[in-house]
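So you can see what is in the structure, the chains are spelled out below.
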2 protein chains.
Amino acid sequence: MNGAEALIQTLSDCGVEVCFANPGTSEMQLVAAIDGQPKMHAILGLFEGVVTGAADGYGRMAEKPAATLLHLGPGLANGLANLHNAKRAHTSIVNIVGDHATDHLQYDAPLTSDVIGVANPMSDWVRVSDTPSDLAAAGAEAVEASLAYPGQIATLIAPADHAWTDGAEPSARKEPADAPRVDDKHINEAAALLKKESPAALFLGGRALREDALEQAGRIAAATGARLICETFPARLQRGAGRVAVERLPYFGEMAADYLKDFAKIVFVGAEPPVSFFAYPGKPSWIPPEGADLIKLASPREDASDCLTRLAQALDAPAEPAAHQEPFAPPLAGDNLEPASIGAALAELMPENAIVSDEAATAGLALFPMTQGARAHDWLTLTGGSIGQGLPLAAGAAVACPDRKVIALQADGSAMYTVQALWTMARENLDVTSVIINNGSYAILNIELQRVGVAEPGPKALSLLDLTNPVIDWVAISEGMGVPAVKTESAGAFKDALAEALSIKGPRLIEAVIA
Amino acid sequence: MNGAEALIQTLSDCGVEVCFANPGTSEMQLVAAIDGQPKMHAILGLFEGVVTGAADGYGRMAEKPAATLLHLGPGLANGLANLHNAKRAHTSIVNIVGDHATDHLQYDAPLTSDVIGVANPMSDWVRVSDTPSDLAAAGAEAVEASLAYPGQIATLIAPADHAWTDGAEPSARKEPADAPRVDDKHINEAAALLKKESPAALFLGGRALREDALEQAGRIAAATGARLICETFPARLQRGAGRVAVERLPYFGEMAADYLKDFAKIVFVGAEPPVSFFAYPGKPSWIPPEGADLIKLASPREDASDCLTRLAQALDAPAEPAAHQEPFAPPLAGDNLEPASIGAALAELMPENAIVSDEAATAGLALFPMTQGARAHDWLTLTGGSIGQGLPLAAGAAVACPDRKVIALQADGSAMYTVQALWTMARENLDVTSVIINNGSYAILNIELQRVGVAEPGPKALSLLDLTNPVIDWVAISEGMGVPAVKTESAGAFKDALAEALSIKGPRLIEAVIA
């Protein structure tokens, strides 16, 4: 077999079942190899930001890597922004990036670029295969690297001649190392501190936000009275009725600092101490309260569930959490379509086990608390701040979990970045309801303009934050890409449209005009 | 004034009139500074690939840089693919990339990334400002770097605190060095060689493809009988009736090698010797004929017009070129809509001084020869092979040349990459007619799949090259972004639609279904 066939066989043997792809000439042998591999599902995205964002959504839900197939340096470059988000989410992804044949590089053909240089900033692991027969071995290493707890971005660069040359063999799966465990000594120190009488918080992120880990956190809360606080932008938070609830740290730095200011001690599990998302003139970047004990117990790369289980044991905590979230849906007040009415409709209608991809930006901040008591669901957020994640992430989550409803809560400005994701949803008949919250602007930036000290922005500045000239017709764009769509301008119409979209299986788009 | 104001004042003093932008929080001070600068036009793109592609189109036509305003590492990453094309086109661009405040970087906030690492692969020049008062000086240097003949990609990284801190002053314009001139010795050697009796070609690229340089090339052809051949993917070729015509080197390597095989000598001006675009198993990358004299007279970074003028003098060439292109429009044959009918309509209807942005891929190869005798025009091609250039390039060209009609000849697959460019065309009422040549596939890849040796691709491989499930409705997408559109399925309907679009001023889209 040729190098491409050996690589794809290896990826399949290592458990990679899905390849999100936008290939070019230099990847044609890899396309042919995927074609011959019955266990590999190939999904086309019409832009690489869709490909990498979908791989992120898949990885967050499947807890194993999808492969991506990308075309040389520029194709990889188009996927970098969503790889940035995936890297911040600690998602497992294996990128396969074709490059020119090794002998061809010397000629500096038009598509030649520094592919390693493009890969490095948004990858945890980068490797070029050395020979045709090394390509499969490098693939096995890439999967192993991608599975380093809780996940990594592994980028393998495959020269075209390594793919097309015969005489290669598949490589054996390499077992990733177990997740690093926190020392007993640190567990016991944290337990001792938590037993002291003073306001305490468990600050949770990463894998500490899965249902089983939250159960343990709830036991710790029952034993110590510690409050459970979640990082502002979790990769995947399991929440809703019947789950252990967490409070979410506010977005703006000064609100976050105020939120934490009365804690005498904060124990971090699966998260680093929080910092301001952006810097602002005269405002501090560091958020935790001065003088508080900050215990960095488990980093995002240490086993969060194990850590919380052992901390609960060390505290001799009760078997049950202090509380589980009660079912709760806030009432719909009036017919004005605004974030609150969207939140009320979601809270009432979201089905059990829904997956929410939240890139609703300013509007999303209101939707989160309102769905606190909705049926149990997973909430995925914009981990790296690089907009254009939401629709691709929803598509990838739907591929990973074909039996669960995915709901994309999507700001209009961000949705335009990777709007091509709608086409993939239609092509694969993915069970995604996309809600485009259309406020006709990059609303967050109107706030930020003031916050950085621009007191009286003029018309040219404001025009750079405005999306109303021309108005974007989301129904037309969605249907142009094959996803049935409806525009809603009242709370009642939105709720009806949401109920209808959730009742069917397959992609739908609802434009919610809140401007 | 603060650093941002000093920088924007400096850019304006250095002749930068347009800023294509997609800013975020870390660029809000720069947005405010642009707001206060009456000589700076700010144009919003809804994705950074639109921003950088438009800057490329502007720079190719204006022969001076536009600025871009990009949001941190991920925003720059989204713009890299079109910067790759611009770098290959030797276009002048000044990228201004915001970064976190310098003190904030240590906290590794979610949007932190290695911005220099992201910038390097697709930039010719990269610099971070050292202090708030250095920001303007760095801006002047960036403009100078961008103007190094014939143009460069200059990327300036602006930490947010450098932008917001007061006490800065504008920096003086720095004059770029003159274009390097070819030595007399080399001119005379080339002239001596060209005087010998044997088949000769002048192989032209870059600035050698402007009207004045082509006049000189035509004089050389008249003196020596040398054929004039143009690189396959010129950044900007001035052609059409009344101009000195050039032959275009074929795309596929073996066809290109065959095209050149009978030349005993080839003189390169503004171009390097051609190589195959991609490598293929068993096929050579190097295209020029073995045994021929290859004279690399002027690289793309040496003054092409001066070189050709002096070479014509050294040859004592006649004052007039051997020939100027006669006006010619091939007849429309039948009503079937195919590339030939699109070419015939273009050849007849393109107005004087039109600008063509050609990303028509497989179909474009037919459109080029058919428009050889159309009214004089500029033809801009996909210099770096990174698809998604065409619509943004057209938008930028229209900003640079508001009194000229721009025609974007656009393959469907490539158009989807940066489809958001349509919105900017509508917003700025740009005089662009976009022709989407819809063949429902990445057609070039069906050819390439065979060429790399995949004899019998299966359904999964073919599905990765297919765009018909679902069919993309270009009229819906275009109108959803504010650009009036029409779908055509016959040669007559296409010609009528083209005539109508060319008769008005403002953006239009014509979908030409050739599948």
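Note: the structure precedes this text.
Residues numbered from 1 in each chain as written. Chains lettered and ligands numbered in written order. Predicted model: local features only at pLDDT ≥ 70, side-chain atom pairs only at ≥ 80, totals over all residues.

A closer look at the interface of chain A and chain B
It is common to give the size of an interface as the accessible area that goes away when the parts come together. Opposite the 81 residues of chain A that make contact, chain B presents 81 residues. Ranked by residues supplied to the side of chain A that touches chain B, first place goes to helix α4 (residues 72-88) of chain A with eight residues. Grouping the amino acids of the side of chain A that touches chain B by side-chain chemistry returns 46 nonpolar, 25 polar and 10 charged. (Contact = placed C-beta atoms within 7 Å. Helix = DSSP H or I, 4+ residues; strand = E, 2+ residues; numbered from the N terminus. Nonpolar A, V, L, I, M, F, W, Y, C, P; charged D, E, K, R; others polar.)

Structural notes on the environment of D466(B)
All names here are of chain B. Examined against the element boundaries, D466 turns out to sit in the loop between α18 (459-463) and α19 (474-480). Accessibility expressed as a C-beta count within 10 Å gives 17 for D466, which makes it partly exposed. Sequence separation between D466 and H84 is 382 residues; the distance between their C-alpha atoms is 26 Å. (Buried ≥ 20, exposed ≤ 12 C-beta atoms within 10 Å, placed from the backbone.)

Side note on helix α2 (residues 28-35) of chain B
For α2(B), the tally of buried residues reaches eight of eight residues, placing the bulk of the element in the interior. Within the span of α2(B), buried status applies to M28(B), Q29(B), L30(B), V31(B), A32(B), A33(B), I34(B) and D35(B).

A few points about the relation of the copies chain A and chain B
Of the two same-sequence chains, chain A is brought onto chain B (RMSD 0.0 Å, axial shift 0.0 Å) by a rotation of 180°. In short, the pair behaves as if placed about a two-fold rotation axis. It is I477(A) whose C-alpha, among those of chain A, lies nearest the rotation axis, at 2.2 Å. The share of interface residues of chain A whose copies in chain B are also at the interface is 100%, consistent with both copies meeting through the same surface. (Least-squares fit on C-alpha atoms with pLDDT ≥ 70 in both.)

A few points about the sheet that holds strand β15 (residues 406-411) of chain B
Strand pairing in a sheet takes place through backbone hydrogen bonds and is either antiparallel or parallel in direction. All names here are of chain B. Here seven strands make up an open sheet; going across it, the order is β9-β14-β13-β15-β16-β18-β17 and the pairing mixed. Taken across any chain shown, the strands that pair with only one partner, and hence form the sheet edges, are β9 (237-239) and β17 (485-488). Recorded for the sheet is a direction-independent mean angle of 20° between the axes of neighbouring strands. With five bridges connecting them, strand β13 (residues 354-359) and β15 associate as parallel partners. Directly across from D358, in β15, lies its bridge partner L409. (Pairing = 2+ DSSP bridges. Axes fitted to C-alpha atoms, helices over the stretch in contact; angles between N-to-C directions.)

Here we look at the packing of helix α1 (residues 3-13) of chain B against α2(B)
All names here are of chain B. Interaxial distance between α1 and α2 falls to 8 Å at its minimum, and their mutual angle equals 50°. Taken as axis vectors, α1 and α2 run oblique relative to one another. For α1 against α2, the interelement crossing comes out right-handed. Two secondary-structure elements touch here, α1 through A4, E5, L7 and I8 and α2 through Q29, L30, A32, A33 and I34. Its residues assigned to classes, the contact of α1 with α2 comprises seven nonpolar, one polar and one charged. (Parallel < 35°, antiparallel > 145°, perpendicular 65-115°, else oblique. Left-handed = near helix turned anticlockwise from the far one by under 90°.)

Re the packing of helix α3 (residues 48-62) of chain A against α4(A)
Residues and elements named next belong to chain A. Running from N to C, α3 and α4 point in directions that differ by 30°, and their axes come no closer than 7 Å. Classified by the angle between their axes, α3 and α4 sit roughly parallel to one another. For the pair α3 and α4, the sense of crossing is right-handed. Contact residues: α3 offers E48, G49, V51, T52, G53, A55, D56 and G59, while α4 offers G75, N78, G79, A81, N82, L83, N85 and A86. Residues belonging to the contact of α3 with α4 are distributed by class as follows: five nonpolar, nine polar and two charged.

Comments concerning the environment of V182(B)
Residue and element names in this part refer to chain B. The residue V182 is located in the loop between α7 (160-164) and α8 (184-195) in this model. Between the alpha carbons of V182 and L297 there is a distance of 7.3 Å; along the sequence they are 115 residues apart. The contacts of V182, once residues within four sequence positions are left out, are I187, L297, A298, E302 and C307.

Describing unusual backbone geometry
That bond from Y149(A) to P150(A) is cis: its omega, -5°, falls within 30 degrees of zero. Put simply, N469(A) and P470(A) share a cis peptide bond, and its omega is 0°. Checked against the element boundaries, P470(A) lands in the loop between α18 (459-463) and α19 (474-480). You will see that D316(B), though not glycine, has its phi angle at about 50°, which is positive. Looking at the secondary structure, you find D316(B) in the loop between α11 (304-314) and α12 (339-349). Of note, the phi angle at N429(B) is positive, near 50°, even though the residue is not glycine. Tracing the chain through its elements places N429(B) in the loop between α16 (421-427) and β16 (432-438). With 14 C-beta atoms counted inside 10 Å, the residue N429(B) sits in the partly exposed group.

Interpretation note: all reported values are geometric properties and have no functional meaning in isolation.
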